[in-house]
There are 2 protein chains.
Amino acid sequence: MAQNGSNSTVKLIGTFASPFALRAQVALHLKSVEHEYIEEADVLKAKSDLLIKSNPVHKKVPVLIHGDVSICESLNIVQYVDEAWPSKPSILPSDPKDRAFARFWAHFVDGKFFESIDAVAGAKDDEARMAVAGNLMECLAELEEAFQKSSKGGDFFGGENIGLVDIACGAIVGPVSVIEVFSGVKFLRPDTTPGLLQWTEKFKAHEAVKPYMPTVAEFIEFAKKKFNDQ
Amino acid sequence: MAQNGSNSTVKLIGTFASPFALRAQVALHLKSVEHEYIEEADVLKAKSDLLIKSNPVHKKVPVLIHGDVSICESLNIVQYVDEAWPSKPSILPSDPKDRAFARFWAHFVDGKFFESIDAVAGAKDDEARMAVAGNLMECLAELEEAFQKSSKGGDFFGGENIGLVDIACGAIVGPVSVIEVFSGVKFLRPDTTPGLLQWTEKFKAHEAVKPYMPTVAEFIEFAKKKFNDQ
């Protein structure tokens, strides 16, 4: 694959089935960035020295190591990859208004959306889960509206091509499917989120996503490990 | 002032003494963007129809209305202003690694840092406050290290000129000073955060900041209103 932005070596520290590491993998694949993938085997209990050294503030995956610089936080990595390897395809659109729209929804996923996912996933019983499920439904409705508005009939948030919002939303595919299995409630439904339902299938099947997207069973395994360790 | 990015009208919805609205005001001033400022008088209790319509997802200030498009979330607004009015001075640096560094620390402020501020501010008594004060100290130490690393002897995070990290950190000036007054504890100190202490004075005195920076007394008034309403 081409090294079109720099000749420094590129390494990615990730964890299998991490929704956030997935973002970095998709971005690097889209830009054909040759890199070494380093699996952080036990990110929840025994963090590696490399991870702690590369991301001393958060000590979380993913971390992109480019030459002697470490880039942390998944959305930050995705934007960095887009800027450091500026050849096509672009991950962010070129128009400032479209870029602001993309950043807004990407950060919506990491803020309000993941708060609602964490609340549902962390609920101690069905009653508690139902009490907070409404917030998740609301977030999905807001995301559906954003999709309808911006996709303009295309498969992805920006239309025909995968971009920042798709990559950001890629992180919710696993957690939502896990929550659906555990709660027995369908959150992505043809009547309420037809766009997102179709988007999920198109996203998972995209050539830059497919090699890195775990199965639902693998996501469940990851979630069990996470919640058992907390 | 010059309209160098677009001929559409620009409006900013803000609230006096909002640390986040301050960011948008500084960015617009830096870029000499002529605009109408709309004070959201009672953002905590009675949100205006304009605010709800312009920011239906979060219903928070600031909102930048540029022509018929609304841009929400303060860091998103600052990056938008930098891109929509690309003339000098630049708010983000040009090198992708420096941009990633700036975005990382800007989002650190909105994430880990504000979580620690909220924990201290929301503590119900001195004992509870002391229990969480360590996190705020740790965040300040991390920010101090970032400042020492990036300012290279200059007044600001990027060196000589004010940029994204400074504007992001501008939002902590008020809350930290309020916490210092209420707790009687100095969090910004010559022995632990010499760089940040000096930075605070330089930032407050900057010509793009001074007109919008409330006094400590005004921040206290704002904080009292906020916590009485919660």
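Residues numbered from 1 in each chain as written. Chains lettered and ligands numbered in written order. Predicted model: local features only at pLDDT ≥ 70, side-chain atom pairs only at ≥ 80, totals over all residues. Heavy atoms only, no water.

Per an unreviewed UniProt entry, chain A carries the name Glutathione S-transferase and comes from Microthlaspi erraticum. Looking at chain A in UniProt, the text filed under Catalytic activity (unreviewed entry) is "RX + glutathione = an S-substituted glutathione + a halide anion + H(+)". Its UniProt record gives chain A the following Sequence similarities (unreviewed entry) comment, quoted word for word: "Belongs to the GST superfamily. Tau family." (UniProt positions renumbered as here; feature names shortened; annotations may be inferred.)

Considerations on the overall build of chain A
Secondary structure summary: chain A contains 8 helices and 4 strands in total. Listing every helix and strand of chain A by position from the N terminus yields β-α-β-α-β-β-α-α-α-α-α-α. Its C-alpha atoms give chain A a radius of gyration of 17 Å, near enough to 17 Å, the size a compact globule of 230 residues would have. Every one of the 230 residues in chain A was classed for burial, and the buried ones make up 51%. Relative to all contacts within chain A whose residues are 6 or more apart in sequence, the contacts with residues 24 or more apart total 67%. Of the roughly 10,500 Å² of accessible surface on chain A, 53% is carried by carbon and sulfur atoms. Here chain A holds 25 positive side-chain charges and 32 negative ones, and the gap between their average locations is 1 Å. (Helix = DSSP H or I, 4+ residues; strand = E, 2+ residues; numbered from the N terminus. Rg over C-alpha atoms; globule rule 2.2 N^0.38 Å. Buried < 20%, exposed > 50% of the residue type's maximum accessible area, 1.4 Å probe, protein only. Contact = heavy atoms within 4.5 Å. Areas by Shrake-Rupley, 256 points an atom, 1.4 Å probe, with all protein chains shown as cover. Lys, Arg positive; Asp, Glu negative; His and termini not counted. Charge placed at Lys NZ, Arg CZ, Asp CG, Glu CD.)

With respect to the domain arrangement of chain A
All names here are of chain A. Each domain of chain A was delimited in the assignment, giving domain 1 (10-84) and domain 2 (96-229). Tallying the contact residues gives 18 residues for domain 1 and 28 residues for domain 2. With both sides pooled, the region where domain 1 packs onto domain 2 buries about 2,100 Å², and carbon together with sulfur makes up 72% of that total. There are 1 salt bridge connecting domain 1 and domain 2. The interface formed by domain 1 and domain 2 contains 5 residue pairs in polar contact (both at pLDDT 80 or more). For the side of domain 1 that touches domain 2, the elements supplying multiple residues, two or more each, are α1 (19-30) and α3 (74-84). (Domains from an automatic or database assignment. Buried area = accessible area lost by both parts, 1.4 Å probe. Salt bridge = Lys/Arg side-chain N within 4 Å of Asp/Glu carboxyl O. Polar contact = N/O pair within 3.5 Å; in protein donor to acceptor, adjacent residues only side chain to side chain.)

Some words on the UniProt feature "domain: GST N-terminal" (unreviewed entry) in chain A
Using the residue numbers shown here, the UniProt feature "domain: GST N-terminal" (unreviewed entry) corresponds to residues 8-89 of chain A. Helix makes up 35% of residues 8-89 of chain A and strand 21%. Its end C-alpha atoms lie 21 Å apart.

Here we look at the pairing of strand β3 (residues 63-66) of chain A
Residues and elements named next belong to chain A. Of the two faces of β3, the one carrying Val63 and Ile65 and the one carrying Leu64 and His66 are both buried. Two elements, strand β1 (residues 10-14) and β3, share 4 bridges in a ladder whose sense is antiparallel. Residue pairing in the sheet places valine 10 in a bridge with histidine 66 of β3. Sheet topology note: the β3/strand β4 (residues 69-72) ladder contains 4 bridges and is antiparallel. (Pairing = 2+ DSSP bridges.)

Brief notes about the packing of aromatic side chains
Centre distance and the angle of the planes are the two values used to describe a pair of aromatic rings. Tallied over the full model, the rule gives 18 aromatic pairs over all chains. With a centroid separation of 6.1 Å and 85° between ring planes, the pair formed by A:Tyr80 and A:Trp85 is classed as edge-to-face. When sorted by exposure, A:Tyr80 lands in the same class as A:Trp85, which is buried. Geometrically, the ring pair formed by B:Phe104 and B:Trp105 is edge-to-face, given 5.1 Å between the ring centres and 85° between the ring planes. Its relative accessible area of 11% is what places B:Phe104 among the buried residues. On the basis of relative accessibility, which here comes to 7%, the residue B:Trp105 falls in the buried class. By way of ring pairs, the aromatic residues A:Phe101, A:Phe104, A:Trp105, A:Phe108 and A:Phe113 are connected into one cluster. (Phe/Tyr/Trp six-rings, centres within 6.5 Å; stacked < 30°, edge-to-face > 60°.)

Topic: the sheet that holds β4(A)
All names here are of chain A. The strand order across the open sheet built from 4 strands is β2-β1-β3-β4, with neighbouring strands paired in mixed fashion. Edge positions in the open sheet fall to β2 (36-39) and β4, since each of these has one partner strand only. Within the sheet, the average angular offset between the axes of one strand and its neighbour, ignoring direction, is 20°. Along the sheet face, α3 touches β3 and β4 and points at about 125° away from the line of β4. (Axes fitted to C-alpha atoms, helices over the stretch in contact; angles between N-to-C directions.)

Quick notes on helix α4 (residues 96-122) of chain A
Residue and element names in this part refer to chain A. Taking 1.5 Å of rise per residue, the 27 residues of α4 would be expected to cover 39 Å, and the 38 Å separating its terminal C-alpha atoms lies within 8% of that figure. Its maximal kink placed at phenylalanine 108, α4 deviates by approximately 40°. With a side-chain oxygen positioned 2.9 Å from the backbone nitrogen of lysine 97, the residue opening α4 is aspartate 95. (Expected span 1.5 Å × (residues − 1). Bend = angle between axes of the 7 residues up to and from the residue.)

Description of the interface of chain A and chain B
On the side of chain B, 24 residues touch chain A, which itself brings 24 residues to the contact. If you sort the residues of chain A by the area they bury against chain B, A:Val57, A:Lys97 and A:Phe104 come out on top, with a joint share of 28%. Inspection of the chain A/chain B interface yields 8 residue pairs in polar contact (both at pLDDT 80 or more). Counting residues per element, the ones that place at least two in the side of chain A that touches chain B are β4, α3 and α4 of chain A. Among the elements that line the side of chain A that touches chain B, the one with the most residues is α4(A), at 10 residues. In terms of residue class, the side of chain A that touches chain B is built from 12 nonpolar, 5 polar and 7 charged. (Nonpolar A, V, L, I, M, F, W, Y, C, P; charged D, E, K, R; others polar.)

A closer look at the state of the cysteines
Residue and element names in this part refer to chain B. With the rule as written, the count across this model stands at 0 disulfides over all chains. Residue cysteine 169 stays outside any disulfide, its sulfur separated by 11 Å from that of cysteine 139, the closest cysteine. Its relative accessible area of 0% is what places cysteine 169 among the buried residues. (Disulfide = S-S within 2.5 Å.)

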